[in-house]
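Notes for the structure review
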Amino acid sequence: RFQKAFKDPEFMKMFVDYAKEISEPSARAEQDAYLKQIENEGRTKEVYGENVELIMPNAGFVVKTTKIETKDKVFINICYSDKVKKATSTKAKGGTNWDVPYSLSAIRKEKDNKGVDCDTHDFVVASETYE
């Protein structure tokens with residue numbers, strides 16, 4: 001079904017328009033406001049189903065890197081939230097083993113300072129882990 005849809009020019013036009021729309025900063029702000037509203041109204045389960053936790057992370061810092069194959073710029077936003085479990089450690093032979101729970105967002109496009117599209121990820125850890 002996907003292959004058929006992506007061969008349809010009308011579908012592709014709508015898909016491209018949708019991708020452009022959701023990558024606009026104003027659309028992102030509108031989406032964030034909607035997610036906060038859903039969460040504040042306690043409707044997360046109703047809208048997104050069981051075992052879904054909405055995380056609106058706090059900004060930390062940005063790691064800038066590049067893709068090895070293409071040299072394209074990538075941003076990784078290191079964020080924190082009380083909704084992520086804190087890191088734990090256990091003693092092990094020769095050192096310590098760490099378990100660092102995290103949430104990783106889907107890739108989205110954002111623009112760098114020069115207006116160039118860059119892949120962007122939000123990497124979220126517990127507030128206590130971040131500190």
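Quick look at the overall build of the protein
Within the protein, the secondary structure is distributed over 5 helices and 7 strands. Going residue by residue from the N terminus, the α and β elements of the protein occur as α-α-α-α-β-β-β-β-β-β-β-α. Rg of the C-alpha trace for the protein: 19 Å, well past the compact-globule value of 14 Å for 131 residues, more than 25% over. Its C-alpha atoms give the protein principal-axis dimensions of roughly 60 × 45 × 35 Å. Taken over 131 residues, the protein has a buried fraction of 18%. Partitioning the contacts of the protein with sequence separation of at least 6, the portion at a separation of at least 24 is 40%. With the model as given, the accessible surface of the protein reaches about 10,500 Å², and the carbon-plus-sulfur share is 53%.

Side note on the packing of aromatic side chains
Following the criterion strictly, the structure yields 3 aromatic pairs and no others. With centroids separated by 6.2 Å and ring planes inclined at 35°, the aromatic side chains of F61 and Y130 adopt a geometry described as tilted. Of this pair, F61 sits in strand β1 (residues 58-66) while Y130 is found in helix α5 (residues 127-130), placing the two residues 69 residues apart along the sequence. Note on F61: relative accessible area 44%, which makes it partly exposed. Classification of Y130 by relative accessible area gives partly exposed; the value is 29%. Here the aromatic cluster, defined as three or more aromatic residues joined through ring pairs, consists of F61, Y80 and Y130.

Some words on the pairing of strand β4 (residues 95-99)
A regular strand places its side chains on the two faces of the sheet in alternate fashion. Summarising the sheet, strand β3 (residues 88-92) and β4 pair through 5 bridges and their orientation is antiparallel. Bridged to T88 within β4 is D99. Between the antiparallel neighbours β3 and β4 lie 2 residues, among them G94 with a positive phi of about 85°.

Remarks on the pattern of salt bridges
One side chain can pair with another of opposite charge once the charged atoms of both are near each other. In this structure the tally under the stated criterion is 10 salt bridges. In this structure, K109 engages D119 in a salt bridge whose closest nitrogen and oxygen atoms are separated by 2.6 Å. A residue pair is termed long-range when its members are at least 10 positions apart, and K109 in strand β6 (residues 108-111) and D119 in strand β7 (residues 117-126) qualify at 10 residues. The structure contains a network of salt bridges with shared partners spanning E41, R43 and E46.

Reading the values: rules and limits
- Residues numbered from 1 in each chain as written.
- Predicted model: local features only at pLDDT ≥ 70, side-chain atom pairs only at ≥ 80, totals over all residues.
- Heavy atoms only, no water.
- Helix = DSSP H or I, 4+ residues; strand = E, 2+ residues; numbered from the N terminus.
- Rg over C-alpha atoms; globule rule 2.2 N^0.38 Å.
- Buried < 20%, exposed > 50% of the residue type's maximum accessible area, 1.4 Å probe, protein only.
- Contact = heavy atoms within 4.5 Å.
- Areas by Shrake-Rupley, 256 points an atom, 1.4 Å probe, with all protein chains shown as cover.
- Phe/Tyr/Trp six-rings, centres within 6.5 Å; stacked < 30°, edge-to-face > 60°.
- Pairing = 2+ DSSP bridges.
- Salt bridge = Lys/Arg side-chain N within 4 Å of Asp/Glu carboxyl O.

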